[in-house]
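Descriptive analysis of the structure
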Amino acid sequence: MSATALRLNAFGLDNLSLEPLALPDPGPTEILVDLHAASLNYRDLMVILGTYNPKQALPRIPGSDAAGIVTAIGSAVTRFKVGDHVTSLFFQDWLDGPIQPTTGKSALGGPIDGVFSTQHLFPETGLIHAPAGFTHAEAATLPCSALTAWNALVEKGNLHAGQTVLLLGTGGVSLFALQIAKAHGARVLITSSSDEKLARARTLGADDVINYRTTPDWDREVFRLTANRGVDHIVEVGGAGTLPLSLKAVTPGGHIYVIGVLAGKGQLIDPTPILAKAIHVQGVYVGSRAMYARMNAAIDTNHLHPVIDSTFPLTQAREALTHMQSANHYGKIVLNLKA
Ligand SMILES: NC(=O)c1ccc[n+]([C@@H]2O[C@H](COP(=O)([O-])OP(=O)(O)OC[C@H]3O[C@@H](n4cnc5c(N)ncnc54)[C@H](OP(=O)(O)O)[C@@H]3O)[C@@H](O)[C@H]2O)c1
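Nothing here was measured: the structure is a model prediction, and the numbers come from that model. Position labels on residues start from 1 in each chain and follow its written sequence. Local features in a predicted model are, by the rule used here, given only for residues with pLDDT of at least 70; side-chain atom pairs are given and counted only at 80 or more, and totals for whole chains, interfaces and linings are based on all residues. Side-chain calculation: all heavy atoms of the structure are included, whereas hydrogens and water are not.

This paragraph deals with the environment of G27. Each helix is a run of DSSP H or I of at least 4 residues and each strand a run of E of at least 2, with the numbering of both proceeding from the N terminus. With respect to the element layout, G27 can be found in the loop between strand 2 (16–21) and strand 3 (30–39). A sequence separation of 50 residues divides G27 from V77, and the C-alpha atoms of the two residues are 9.5 Å apart. Pairs of residues are marked as contacts when any of their non-hydrogen atoms sit within 4.5 Å. With sequence-adjacent residues up to four places away left out, G27 is seen in contact with G74 and S75.

So this is what it looks like as C-alpha cells:
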C-alpha cells in the first residue's frame, strides 16, 4: 500500500506539499499503522511557520497527534496486534518516570518526522491503545493537548474536589483541562475573547466566565469571583503576555503550569510575586505513556469526549492550519487522512 505525506520543504504554509512516502516493512520492534485522523496543535503551526525551532532541519513531515489501525507488526512486538485501534504518543520513547534530557529528541513532527501522513512506522514504545468507543477523529485529539492538561492538573497538581482552576482561552488544551477539572470536582473559571465561546464553555461545565477582551484586567475579576482569594491552579497557555496577570490571579501557595506561548514569549517577567506568594511554578511538557494510560482510564470512567471544532481533508491541511491561525476555533481541529 502506498502512503502519502504532507511535507514541509521550507518554512511557511505555502511550502507544504503532499508527496509519496516510501515505508519499509516493520523491523522486529516496529509497528506499521494505517493512519485515519490527525489533529492540529498550535505547535504544528509554529513548526511550519519556523517560530517553534528556527533551526529545524527540513524537509520534515509535521504532525504531533494521530490515530489509526495497526496493519503490520515486527516479530518481537508484544503489546499490539494487527487490527488494534491506536493513537501515537507525542514522545516516542517516554514510557514512565520523570522527563529525561533526551526525551525531547523523540517528539513527533519536530526533531523526527510526524504524522500528517496516511501511514507511519512507529517503534512499539511510540503507541498506546485508543479509548474504547472513540472514533479515529476523537482519538487523534488526545496525545498532545489532552495529555498536557492531564499532566498539569492531575499528575503535577494533584487537583482535588472543591479547588478552583483558571483556564485561559478556549483552545485545545484549555477545553480538555475544563473537562478534566470538572471530572475532579473542581470549580472552573475560564477566559475567552468571545462571549459566544464563553456561553459554549458554560454548557461544558465552566462555572464562571470572563471575556479577556472586554475585561483586560481579568485578574481583578478572578479575585472578585473568588472572594479575593485567587485560584488554586492556572493552566498557563498564554506565556509572556498573560503570565504577569496569572501571577496576580493565583492564590498564595497556588500552582501555575507554564505550558504555552499563545500570547508571546521572550519578555522579562518580574519574579517577585512567585516568592512573595510562595507560588508553585511548574513547566509541563506533554507527558509519558504511563500518564496517558491513567488519563485514558479517567476518560473511560467519566465518559469524556473531546470537543471537535471542525474536520478538514488532508488535501486541505493548509486551510485547516489557517483556521487555527485565525483563532476562530473552539476546541480541536481534525484532519481526515482518508478523505
Ligand atoms: N507544554 C506543552 O507540552 C504543550 C502542549 C500542548 C500545547 N502547548 C502550547 O499551549 C498553547 C495552547 O495550545 P493549543 O493547541 O490549545 O492552542 P489553540 O487550540 O490554538 O488555542 C487557541 C486559543 O487560545 C486562546 N488565546 C490566544 N491568545 C490568548 C490570550 N492572550 N489570552 C487567553 N487566551 C488566548 C484563544 O481562545 P479564545 O478564542 O477563546 O479567546 C484561541 O482561540 C500553545 O502555545 C501551545 O504551543 C504546550
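Looking now at the pattern of salt bridges. A side-chain nitrogen of Lys or Arg and a carboxyl oxygen of Asp or Glu constitute a salt bridge if their distance falls within 4 Å. Enumeration over the complete set of coordinates arrives at 11 salt bridges. Linking K338 and D34 is a salt bridge whose minimum nitrogen-to-oxygen distance equals 2.7 Å. Here the residue K338 occupies a position in the segment after strand 15 (332–336), and D34 occupies one in strand 3, the gap between them amounting to 304 residues. Burial classes: relative accessible area under 20% of the type maximum marks a residue as buried, over 50% as exposed, and values in between as partly exposed (1.4 Å probe, protein chains only). Exposure remark for K338: the relative accessible area of 39% places this residue in the partly exposed category. For R187, the salt bridge goes to D208, with nearest N and O atoms at 2.8 Å. Of the two residues, R187 sits in strand 9 (residues 187–192) while D208 sits in strand 10 (residues 208–211), which places them 21 residues apart along the sequence.

All right, on to the domain arrangement of the protein chain then. By the assigned domains, the protein chain splits into domain 1 (3–141 + 307–336) and domain 2 (146–283). Where each domain begins and ends is defined by an automated method or by a domain database. One C-alpha centre belongs to domain 1, the other to domain 2, and the line joining them spans 28 Å. With 11 residues of domain 1 at the interface, the matching set in domain 2 holds 14 residues. Take the accessible area each of two parts loses on contact, using a 1.4 Å probe, and add the two losses: that sum is the buried area. Carbon and sulfur atoms supply 60% of the area buried between domain 1 and domain 2, which totals about 1,000 Å² over both sides. Its largest share of buried area at the contact with domain 2, domain 1 owes to Y42, V307 and Y330, together 52% of the area lost on that side. Along the contact surface separating domain 1 from domain 2 lie 0 salt bridges. Side-chain atoms alone can form a polar contact between residues adjacent in sequence; in general such a contact is a pair of N or O atoms within 3.5 Å, and within protein one must be able to donate a hydrogen while the other accepts it. Joining domain 1 to domain 2, the criterion identifies 6 residue pairs in polar contact (both at pLDDT 80 or more). The residue inventory of the side of domain 1 that touches domain 2, partitioned by class, reads 5 nonpolar, 5 polar and 1 charged. Under the convention adopted here, Pro, Cys and the residues Ala, Val, Leu, Ile, Met, Phe, Trp and Tyr are nonpolar, Asp, Glu, Lys and Arg are charged, and Gly plus all remaining residues are polar.

So, on to the nonpolar core. One finds L153 and L166 to be the most contacted residues of the largest nonpolar core, which totals 66 residues. For this core, the two domains that each supply at least three residues are domain 1 (3–141 + 307–336) and domain 2 (146–283). Those residues in contact with L153, other than ones at most four positions away along the chain, are N158, L159, V165, A177, A181, H233, V235 and Y257. In this text, buried Ala, Val, Leu, Ile, Met, Phe, Trp, Tyr and Cys residues form a nonpolar core when linked through side-chain atoms within 4.5 Å. Counting residues in hydrophobic clusters, the runner-up holds 30 residues, among them A66, V77, F80 and A320.

Burial runs high along helix 1 (residues 42–49): 6 of the 8 residues are buried. Taken together, the buried positions of helix 1 are occupied by R43, D44, L45, M46, V47 and I48. Of the surrounding secondary structure, the elements contacted by the buried residues of helix 1 are strand 1 (3–8), strand 2, strand 3 and helix 10 (317–326). Directly after helix 1, the chain includes G50, whose backbone phi takes a positive value near 85°.

Let us now look at the layout of surface pockets. In this analysis a 1.4 Å probe is tested at points of a 1 Å grid over the protein atoms alone, and where it fits but cannot get out there is a cavity; an open set with protein on both sides within 12 Å along at least five of seven lines is a pocket; lining residues have an atom within 4 Å of a point. Grid points are joined across faces, edges and corners, and a volume is the space filled by probe spheres set on the points. When its volume is computed, the largest pocket comes out at roughly 1,200 Å³. Around the largest pocket, the lining is made up of 43 residues, and of these Y42, V237, G260, V261 and L262 lie nearest the centre. If you tally residues by element for the lining of the largest pocket, the top one is helix 1, at 5 residues. Here the lining of the largest pocket is composed, by residue class, of 22 nonpolar, 17 polar and 4 charged. Formed jointly, the lining of the largest pocket draws a minimum of three residues from each of two domains, domain 1 (3–141 + 307–336) and domain 2 (146–283).

Among all residues save glycine, negative phi is the norm, and among peptide bonds the norm is trans. Along the chain, L58 connects to P59 via a cis peptide bond; the corresponding omega equals 0°. In this structure, P59 sits in the loop between helix 1 and strand 4 (65–73). Not every positive phi belongs to a glycine, and A227 is a case in point at roughly 50°. Not every positive phi belongs to a glycine, and V286 is a case in point at roughly 45°. Relative to the helices and strands, V286 resides in the loop between strand 13 (280–283) and helix 9 (289–301).

Close contacts around the ligand come from 26 residues, with T170, S192, K197, Y212 and V284 the closest. Measuring from an oxygen atom of the ligand, one finds a side-chain N or O atom of Y212 at 2.7 Å. Backbone polar atom of V261 to an oxygen atom of the ligand: 2.9 Å apart, as the coordinates give it. Surface accessibility follows the Shrake-Rupley procedure with a 1.4 Å probe radius. Residue values consider only the protein chains on display as shielding. In the complex, 90% of the free accessible area of the ligand, which totals 940 Å², lies under the protein chains. In this structure the site holding the ligand corresponds to the largest pocket. Listed by contribution, the elements that provide at least two residues to the shell around the ligand are helix 3 (142–156) and helix 4 (172–183). When grouped by side-chain class, the residues that make up the shell around the ligand number 15 nonpolar, 10 polar and 1 charged. Lining the shell around the ligand are residues from two domains, each supplying at least three of them: domain 1 (3–141 + 307–336) and domain 2 (146–283). To be near a molecule or strand, a residue needs just one of its heavy atoms within 4 Å of it. Each molecule is checked against the cavity or pocket grid, and it sits inside if more than half of its atoms lie within 2 Å of the grid points.

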